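Analysis of the macromolecular model
Each chain, written out:
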Amino acid sequence: MGLLRKLLLWISENRRLRETLPRHAFIRRAVARFMPGEKVEDALQAAQTLKAKNIATLLTLLGENITKAEEAKQVTEHYIDVLGRVEKSALDSHISVKLTQLGLDLGEELCLENLSAVIGQAAANNNWVWIDMEQSSYVDRTLSLYKKVREQYPRVGVCLQAYLYRIPKDIEQLLPLAPAIRLVKGAYAEPEGVAYPKKKDVDAKYFELAKVLLSNLKVNGVTLGIATHDKVLIRRICQEAEAMGLSKDGFEFQLLYGIQTEEQLRLTKEGYRVRVLISYGSHWFPWYMRRLAERPANVLFAIKNVWRS
Ligand code: FDA
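No experiment lies behind these values; they were computed from the predicted model shown.

Cut-offs applied
- Residues numbered from 1 in each chain as written.
- Predicted model: local features only at pLDDT ≥ 70, side-chain atom pairs only at ≥ 80, totals over all residues.
- Heavy atoms only, no water.
- Near = heavy atom within 4 Å.
- Polar contact = N/O pair within 3.5 Å; in protein donor to acceptor, adjacent residues only side chain to side chain.
- Areas by Shrake-Rupley, 256 points an atom, 1.4 Å probe, with all protein chains shown as cover.
- Helix = DSSP H or I, 4+ residues; strand = E, 2+ residues; numbered from the N terminus.
- Nonpolar A, V, L, I, M, F, W, Y, C, P; charged D, E, K, R; others polar.
- Domains from an automatic or database assignment.
- Contact = heavy atoms within 4.5 Å.
- Buried area = accessible area lost by both parts, 1.4 Å probe.
- Salt bridge = Lys/Arg side-chain N within 4 Å of Asp/Glu carboxyl O.
- Pairing = 2+ DSSP bridges.
- Axes fitted to C-alpha atoms, helices over the stretch in contact; angles between N-to-C directions.
- Buried < 20%, exposed > 50% of the residue type's maximum accessible area, 1.4 Å probe, protein only.
- Arc of directions from axis to C-beta.

With respect to the site of the ligand
The immediate surroundings of the ligand are formed by 26 residues, with Lys-185, Lys-199, Thr-228, His-229 and Glu-294 found nearest. At 2.7 Å from an oxygen atom of the ligand is found a main-chain nitrogen or oxygen belonging to Gly-186. Take Gln-260: an N or O atom from its side chain is 3.4 Å from an oxygen atom of the ligand. Its free accessible area being 930 Å², the ligand has 88% of it covered by the protein chains. Of all the secondary-structure elements, those providing two or more residues to the shell around the ligand are β4 (156-161), β5 (180-184), β7 (252-256) and α12 (285-294). The element contributing the most residues to the shell around the ligand is β7, with three residues. Along the lines of polarity and charge, the residues of the shell around the ligand split into 11 nonpolar, seven polar and eight charged. Composition of the shell around the ligand by domain shows at least three residues from each of domain 1 (1-35 + 286-309) and domain 2 (36-283).

Have a look at this one:
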């Protein structure tokens, strides 16, 4: 892992910097590239704009590692309200949640209660909830909660990170549940003992896992979100799906708001399903640092904003 990437991921988890850095105007301006605004209304407006381009969306309120049960409850109520707004606006917008924002650090039972409330509302609206994957220390608990809710609800998916050595086994265990899986490379700083440190190994693993999941779309009823901006990988996955005789709408590509927008449009035009994850909310700092770490050239973009200020 590059030094700059390591530094940015360290900053993302440093409590003091998390509180002070977001106050700087130039950082606030730079983050605008990745989110349409802090309010849910901004996200819904962006979802409407994307809908007009045939692009579906995923909405997520930024925030993680909540330490008070009342706050986790407020997040739960917020998502229930958002599901209602999505229904009213006839948007094809799923919800994406972080379990530590629904109280996972306070206990699995509390988190399950909150998660079930959100999924229950989504189910009533025939909508979907996706569960993000956080640091490797949360993977066991996240998958255990996913299995519990999946037994009851069909429209719930979970994110799996290709950089973790354990993922092939996790996929094997999830397959009998006809899971919905969003495959990502992985965004956190993980020790070499749990995750591939080299990008080329992560890329190779991603392709291998994508092939396994594609081959299980029909056999095991897997729902698949290929969540990457890697154009080379995207092309290889399209070719592989075609060679397997899968239809273009048999799975979907998921990308982040503001990243590879031309690729989003290209895939849509070619007949693939595309879903863009729109983040909003005021707790954007750690998330924004992870976006910078994914592409250190983004740091230059942020620095240029200092001169414009
Ligand atoms: P890669 O990093 O190789 O990037 C490929 C190309 O895409 C780059 O060369 C660049 O052109 C462009 N690009 C990528 N990131 C960029 C950025 N930040 N800014 C500008 N350009 C960029 N992770 C996780 O651990 N848990 C999760 O729950 C999720 N959820 C999630 C949902 C969705 C819909 C997406 C798209 C991604 C996630 N991720 C995630 C993040 C994921 O793990 C990964 O860190 C990023 O997607 C970056 O990796 P890529 O696959 O895009 O490839």
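Focus on the domain arrangement of the chain
Segmentation of the chain into domains returns domain 1 (1-35 + 286-309) and domain 2 (36-283). For domain 1 and domain 2, the distance between their C-alpha centroids amounts to 23 Å. Taken together, the contact between domain 1 and domain 2 spans 14 residues of the former and 22 residues of the latter. It is Met-35, Trp-287 and Arg-290 in domain 1 that bury the most area against domain 2; as a group they hold 41% of the surface buried on that side. Put simply, domain 1 and domain 2 have one salt bridge between them. Note that Arg-290 is salt-bridged to Glu-64, the shortest N-O span being 3.1 Å. Sorting the residues of the side of domain 1 that touches domain 2 by element identifies α1 (3-13) and α12 as the ones contributing at least two each. Take the side of domain 1 that touches domain 2: its biggest share by element is five residues, from α12. Along the lines of polarity and charge, the residues of the side of domain 1 that touches domain 2 split into six nonpolar, no polar and eight charged.

Digging into the environment of Arg-273
On the secondary structure map, Arg-273 appears in strand β8 (residues 273-280). Considering only alpha carbons, one finds Arg-273 and Gly-250, 23 residues apart in sequence, at a separation of 8.4 Å. Each residue touching Arg-273, except ones within four places of it in the same chain, is listed here: Lys-248, Asp-249, Gly-250, Phe-251, Glu-252 and Phe-253. A distance of 2.7 Å separates a polar side-chain atom of Arg-273 from the backbone oxygen of Asp-249.

A short note on the sheet that holds strand β2 (residues 93-97)
The sheet built from eight strands closes into a barrel, its strands ordered β1-β2-β3-β4-β5-β6-β7-β8 with parallel pairing. With strand direction ignored, the average angle separating the axes of adjacent strands in the sheet is 30°. Pairing geometry for strand β3 (residues 129-131) and β4, over three bridges, is parallel. Each residue of the ladder has a partner; that of Trp-130, found in β4, is Gly-157.

Section: α1
Taken residue by residue, α1 has Arg-5, Leu-8, Leu-9, Ile-11 and Ser-12 as its buried positions. The buried side chains of α1 occupy one side of the element, clustering within an arc of 155° when seen end-on. Within α1, the exposed residues directed more than 90 degrees away from the buried face are Leu-3 and Trp-10.

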